[in-house]
Amino acid sequence: MNRLGKKANETLIEMSLSADGEEYNGPEIISTAGSEIPSSSEIDKRHQSKDSIFFRDGVRRIDFVLSYVDDLNKEWEKKLERRKEFESNLQKAGLELETEDKKESEDGKIFFVKIHAPWEVLITYAEVLNIKVPIRENDITPVVENPLDCVLFPLRLPEKVMHPEPDYFTAPFSKDKQELYLINDESTFFSPSMRNRIVNYILTRCPYGTEEGKKKFGIKRLLNNGTYTAAYPLHDCQYWKKASDPNCDSERYTLYMEWARFLRFYKEQPLDLIRKYYGEKIGIYFAWLGFYTEMLFLAAVVGLICFLYGLFTMDENMSSKEICDPAIGGEIIMCPLCDRDCEYWRLNTTCESSQYSHLFDNVATLFFAIFMGIWVTLFLEFWKRRQARLKYEWDLVDFEEEQQQLQLRPEYEAKCTQKKRNPITQEMEPYLPLTSQAVRFCISGATVLFWVSLIIASMIAVIVYRLAVYAAFASLMENTQTLQPISGLLTPQLATSVTASCLNFVIIMILNFFYERIAIWITDMEIPRTHMEYENRLTMKMFLFQFVNYYSSCFYVAFFKGKFVGYPGGYTYMFNRWRNEECDPAGCLIELTTQLTIVMAGKQIWGNIQEAIVPWICNWWGRRKARNNPENLYSRWEQDHDLQTFGALGLFYEYLEMVIQFGFITLFVASFPLAPLLALMNNILEIRVDSWKLTTQYRRPVAAKAHSIGVWQEILNGMAILSVVTNAFIVAFTSDMIPRLVYYYAYSENEDSPMSGYINNSLSVFQISDFPERNKPKENPENFVICRYRDYRYPPDHERKYLHTMQFWHILAAKLAFIIIMEHVVFIVKFFVAWMIPDVPADVKAKIKREKYLTQKILHEYELEKLKERLCQGDKQATEKEFIATEGRMELSRAM
């Protein structure tokens, strides 16, 4: 049965450009169904529930809400004209509107326009958007149950929550085949997320007039110029209690109770319900975040074991023993760490810091670096398999990005006045001339380059801070008695590193704040053609900036600090003024650990404050008046209006935050094995914070489709490859592992204790009388003759005085050999693992083929039935040919 009946004149689809060259704004539906709408005088508002998601008649569902303030300023008349034209065009497109007067609102200032999409509109745009709908319940035998289900039972959610809908075979909707689909109730056939997606599609393309000779359209432009103050779909109920209306599913309440509360942190996520309520794009994000968190558990356990190994072997570390021994470390006089103001010092003053550095600089560091190189490959490959399973379960197998992401952006259509013929569709389309593109790209590139240069300049400023304040810290700690109890642990190097890391973190946050706005502005200026192109360009700009901003300080400490110091009497200087800083006597790895911990932990804490506390405070402040009014006077659309907006870039920032964290736990993990554990604890909190804020603090986002995490997958792949290189260099050049191994195998003279004497071997000798006046300390009260420094150079009485020894070159060769061997071993294992693990599980491949076959069979049987009906009615010759062709397609389908 055709559910549209014979009223073909009620629906008109205009899919081509008009003769006068006007731009296409999507299908237009002209409906006369408005005559059936009850007038407001026929409805007693006093009996209408304010917490309702329906029109006043209690039948038509509210699919979208627009709000505006009727302020009497100089643009009042212009805004009024725009609204009249826009709402008139919405009604011409078939949508039904109902306006709530400002007297009905809580503050007496805001008008609300409620929008309902009738059946004719929904089926028209469902066909345009290629929305898949059920045709038959899935009869494929489910996978055999996991034998560990009984063990994992406490982590499971109720079946109704995990799978809110039966599994169906689906097919793209077609108005001409409505009898084929499982349409039991027109009002519930399309889910609320589908409905708001369809209405949003119309809103973004609906015209509202001509200004300055250009046709204007789209709700986004009306929001930007203040014609409307908000546009949003409604939540289906309050999050803390179910809706009183039995026709409402109260999915928001279910999500809050089973997913968004922190006490449910150990439970699995109801991904199908998330997808049903918020759409596939948000669903795929939470699926990825949950999978990432699960995989972090393995990395966190191994990292914790490596840390405990360092903790339990701390007392056995020969290097720290020698440093702490008064007879060895107490007798070694070290050269001053700054010019003139710093004094000579004894090596055993760094006893505690050398012991703590062993926690992270031990043989387990090498194992963990190699393990993480393999772990990241397993994570990415298993995620591809998980993603393939979700694509099948969520009907995204045949979903092409062109269906949504590759549609022209309304902003592109509005700003590009020139048109050219599309070689594929042979239709006229707007385009941006090549010269205009080149100019915009040049401006964009120059702006990005300027901001990246600004980051590098700020990093140099922090380095100058390190060099400038080190002498002050050294002098303060030597002369202040109150710091004596912690002077062994808090060395001048560590104090400088901690304060510089905190300063660097503050600069990072400030630069982020400004650059986010600049990046959006320059991406808008480029006028990307499609939504996908817009997101990809913005992603690359933001990621490039964030990469340099967050990681530059870690790269400096890991690969540059202490590497270009020179030697006493021949120090190197920055800008010929500040002497380059040296590493802590225990090595630079502990400083890299400090830097990484402060930036990573600070970012996570600040991120959670921004994501949870700030929206909560804003909503609390916005609802302070409503709390004094009875609940029955605070309508559903007003409640949602007072919530925060989850913008189009909401998920972008969530992905960016997690990818930056991914960089911390992969690029520099050799210096801090506890990084995956910190990330795991943060992510457990992050899932619940994100779900809580999305469910309770934000308006319901417009549903959108996505079959993957998009360009972030390529970024993660790139970081995985880079992490192998960075960790190999950290182990080789930042830690002391290679020098210790070279000493152990080539230079040790004690067979019973091969590492004894390593500290003395790693320190070179300098004759104090060779100090130039610029470097010489002001005082030498104990009349020291020689001092020691970290390097491998000949002593002052050697003919090659202060030049590098052969041991230095042996160590350098060993470091380079280690980097080459480690990279090749890890890369070979990575590529072998990636080759061994197929991207799509075998059972999913079989199900996809089975479903395609059955769906084709159902569609062909339907076509055969229609052709048989036509044979009975006449036109026998033409129909017989179609019948034979259809049977041929069925035979071909069976053969395939």
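Okay, so let's go over this structure.

Reading the values: rules and limits
- Residues numbered from 1 in each chain as written.
- Predicted model: local features only at pLDDT ≥ 70, side-chain atom pairs only at ≥ 80, totals over all residues.
- Heavy atoms only, no water.
- Core = buried A, V, L, I, M, F, W, Y, C linked by side-chain atoms within 4.5 Å.
- Buried < 20%, exposed > 50% of the residue type's maximum accessible area, 1.4 Å probe, protein only.
- Helix = DSSP H or I, 4+ residues; strand = E, 2+ residues; numbered from the N terminus.
- Contact = heavy atoms within 4.5 Å.
- Disulfide = S-S within 2.5 Å.
- Axes fitted to C-alpha atoms, helices over the stretch in contact; angles between N-to-C directions.
- Parallel < 35°, antiparallel > 145°, perpendicular 65-115°, else oblique.
- Nonpolar A, V, L, I, M, F, W, Y, C, P; charged D, E, K, R; others polar.
- 1 Å grid on protein atoms, 1.4 Å probe; cavity = no way out; pocket = protein on both sides within 12 Å on 5 of 7 lines; lining within 4 Å.
- Points joined across faces, edges and corners; volume = space filled by probe spheres on them.
- Salt bridge = Lys/Arg side-chain N within 4 Å of Asp/Glu carboxyl O.
- Pairing = 2+ DSSP bridges.

Next up on the list: the nonpolar core. As a rule of thumb, soluble globular proteins bury nonpolar side chains together. By size, the foremost hydrophobic cluster in this structure holds 137 residues, and its most contacted members are Trp-288, Tyr-292, Trp-375, Phe-379, Tyr-551 and Phe-664. Among the elements that line this core, the one with the most residues is helix α10 (residues 280–312), at 16 residues. With residues up to four places along the chain from it excluded, the contact list for Trp-375 reads Tyr-292, Met-295, Leu-296, Leu-298, Ala-299, Phe-662, Ile-665 and Thr-666. If you look at the next biggest cluster of nonpolar residues, it comprises 43 residues, including Ile-131, Val-133, Ile-135 and Tyr-208.

Within this structure, the stated rule accounts for three disulfides. In this model Cys-335 forms its disulfide with Cys-787; the gap between the sulfur atoms is 1.9 Å. Looking down the S-S bond of the Cys-335 and Cys-787 bridge, the torsion is 85°, so its handedness is right-handed. Taken together, the residues Cys-335 in the loop between β9 (333–334) and β10 (345–346) and Cys-787 in strand β16 (residues 786–790) connect sequence positions 452 residues apart. Since its relative accessible area comes to 0%, Cys-787 is described here as buried. Disulfide partner of Cys-338: Cys-342, at an S-S distance of 1.7 Å. What sets the handedness of the Cys-338 and Cys-342 disulfide is the S-S torsion sign, and at about 100° it is right-handed. Each member of the pair, Cys-338 as well as Cys-342, is classed as buried. Here Cys-248 is not disulfide-linked; the sulfur of Cys-237 is the nearest cysteine sulfur, at 5.4 Å.

The subject of this paragraph is the environment of Ile-115. With respect to the helices, strands and loops of the structure, Ile-115 is situated in strand β3 (residues 110–116). Looking at Ile-115, the relative accessible area reads 0%, which means it is buried. Along the chain, Ile-115 and Phe-64 lie 51 residues apart, while their C-alpha atoms are 5.1 Å from each other. What Ile-115 contacts, discounting residues up to four positions off in sequence, is Phe-55, Arg-61, Ile-62, Asp-63, Phe-64, Leu-66, Leu-90, Leu-95, Glu-96, Leu-97, Val-199 and Leu-203.

Close contact between helix α20 (residues 650–667) and helix α21 (residues 675–697) brings their axes to 10 Å; oriented N to C, the two are set at 170°. Classed by the angle they form, the pair α20 and α21 counts as roughly antiparallel. In this structure, α20 uses Glu-654, Glu-657, Met-658, Gln-661 and Ile-665 to contact α21, whose residues at the interface are Ala-675, Pro-676, Ala-679, Asn-682, Asn-683, Glu-686, Asp-690 and Lys-693. Across the contact of α20 with α21, the residue classes tally to five nonpolar, three polar and five charged.

Enumeration over the complete set of coordinates arrives at eight cavities of 30 Å³ or more. Reported here for the second largest cavity is a volume of approximately 80 Å³. As for the second largest cavity, its lining consists of Ile-53, Arg-61, Ile-62, Asp-63, Pro-192, Arg-195, Asn-196, Pro-233, Leu-234, His-235, Asp-236 and Arg-700. Residues that form the lining of the second largest cavity fall into these classes: five nonpolar, two polar and five charged.

Attention now goes to the pattern of salt bridges. Where charged atoms from two side chains of opposite charge approach closely, those side chains can pair. A complete count under the given rule lists 31 salt bridges for this structure. Where Arg-389 meets Asp-843, a salt bridge forms, and the shortest distance between an N and an O atom there is 3.0 Å. Within this pair, whereas Arg-389 is found in helix α13 (residues 363–393), its partner Asp-843 is found in helix α26 (residues 842–873), the two being separated by 454 residues in sequence. The partly exposed category is assigned to Arg-389, whose relative accessible area is 23%. A salt bridge links Asp-791 to Arg-793; its shortest N-O distance comes to 2.8 Å. One connected set of salt bridges, linked through shared partners, spans Arg-56, Glu-98, Glu-100 and Lys-114.

Moving on: the sheet that holds β3. Strands pair in a sheet through their backbones, by hydrogen bonds, and they do so in one of two ways: parallel or antiparallel. The four strands are arranged β2-β3-β1-β8 in an open sheet whose pairing can be described as antiparallel. In the strand order of this sheet, the two ends are held by β2 (96–100) and β8 (230–232), each with one partner. Each neighbouring strand pair of the sheet contributes to a mean axis angle of 20°, computed without reference to strand direction. Pairing between strand β1 (residues 64–69) and β8: three bridges, direction antiparallel. Looking at the pairing, Ser-67 lines up with Ala-230 of β8. The sheet strands contacting helix α6 (residues 192–203) are β1 and β3, and the helix crosses β1 at an angle near 45°.

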